[in-house]
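# Residue-level structural notes
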Amino acid sequence: MDVVIKLSDDQIQWCWSHARAIVELYDGHGSKGSGMYSHNKVGSNVVGVKGELVTALYLEEEVKNLNGSRVIRYYEDIKRSANHPGDVGLEFSNKLCLPIEVKGLRYHQWDKFKRCIPPRQLKKYVNKNAIVVWTVANTQGDNKSEVIIKGWNYAKEVQEQGIYRKTICDNIWLEDDDAMHPPSTLLSALQNSPLTDNMI
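How each quantity is defined
Residues numbered from 1 in each chain as written. Predicted model: local features only at pLDDT ≥ 70, side-chain atom pairs only at ≥ 80, totals over all residues. Heavy atoms only, no water. Pairing = 2+ DSSP bridges. Helix = DSSP H or I, 4+ residues; strand = E, 2+ residues; numbered from the N terminus. Axes fitted to C-alpha atoms, helices over the stretch in contact; angles between N-to-C directions. Contact = heavy atoms within 4.5 Å. Phe/Tyr/Trp six-rings, centres within 6.5 Å; stacked < 30°, edge-to-face > 60°. Buried < 20%, exposed > 50% of the residue type's maximum accessible area, 1.4 Å probe, protein only. Lys NZ or Arg CZ within 6 Å of the ring centre and 35° of its normal. Core = buried A, V, L, I, M, F, W, Y, C linked by side-chain atoms within 4.5 Å.

## Quick look at the sheet that holds strand 8 (residues 146-154)
Taken together, four strands build an open sheet; the order of strands is 1-8-7-5 and the sheet is mixed. The outermost strands of the open sheet, each flanked by one partner alone, are strand 1 (3-6) and strand 5 (100-105). Each adjacent strand pair in this sheet contributes to an overall mean axis angle of 30 degrees, direction not counted. Sheet analysis places strand 5 next to strand 7 (residues 131-137), joined by six bridges and oriented parallel. Considered in strand 7, the bridge of Gly104 is made with Thr135. In the packing of helix 2 (residues 42-63) onto the sheet, contacts are made with strand 1, strand 5, strand 7 and strand 8, and the angle to strand 5 comes to roughly 130 degrees.

In structure tokens form, the structure reads like this:
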């Protein structure tokens, strides 16, 4: 079952400010946008940032009564993002769980483009044994404050079960809806994952 989280006005404003900073950073260095997509401007980044924020908020609520645990918002540090293991991290007693990468789409894009990852990006996710969280969010309209966590997968599941699909770029697509794990199982998967020392 989906998890729906409503952001406050201040949180939405922070997402916009953070997305603008991402675009300014990359455009200022001669890029046409962040990451692999030349069209990736502020609105597209807002969708991704909302997904990252909501993933962090969801996990923070899940672990609030667990001693020695904390959620790490790596995505907030855009200048050092390449040095971080994922977008979001979860730590238990100074040990890190598997890194979490967040993939966000707009509401109307989900049915058409759900669970797609470009091959080069997927390879990086698999190499670090990441978990991918799938989210949807809008930047306008009545539901612009709501962000939905649709589910999650191990990156290796997308690699092993996915098929090649051409959209606006090359993608590996996890086609089967039943192959996606529900958000309610995310914490237990992280708790049962291999733990590593937090070196950051």
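## Re the packing of aromatic side chains
One pass over the full model with this rule turns up two aromatic pairs. Both rings, one in Trp14 and one in Tyr75, keep their centres 6.1 Å apart while their planes meet at 75 degrees; by these two values the pair is edge-to-face. Of this pair, Trp14 sits in helix 1 (residues 9-27) while Tyr75 sits in the loop between strand 2 (69-72) and strand 3 (89-92); the two residues are 61 residues apart in sequence, bridging distant segments of the chain. A relative accessible area of 6% places Tyr75 in the buried class. Taking 5.0 Å as the distance between ring centres and 85 degrees as the angle between the ring planes, the aromatic pair formed by Trp152 and Tyr154 counts as edge-to-face. When its relative accessible area of 22% is taken as the criterion, Tyr154 is described as partly exposed. Its end group placed over the ring of Tyr154, Lys156 keeps NZ or CZ at 5.8 Å from the ring centre. Sitting above the plane of the Trp173 ring, Arg165 keeps its charged end 4.4 Å from the centroid.

## Focus on the nonpolar core
Counting 33 residues, the largest nonpolar core has Leu90, Val133 and Leu190 as its most contacted members. Broken down by secondary-structure element, the contributors of at least two residues to this core are strand 1, helix 1, helix 2, strand 3, strand 5, strand 7, strand 8 and helix 6 (186-191). Top contributing element to this core by residue count: helix 2, with seven residues. With 16 residues, the next largest nonpolar core counts Tyr125, Ala130, Ile148 and Val158 among its residues.

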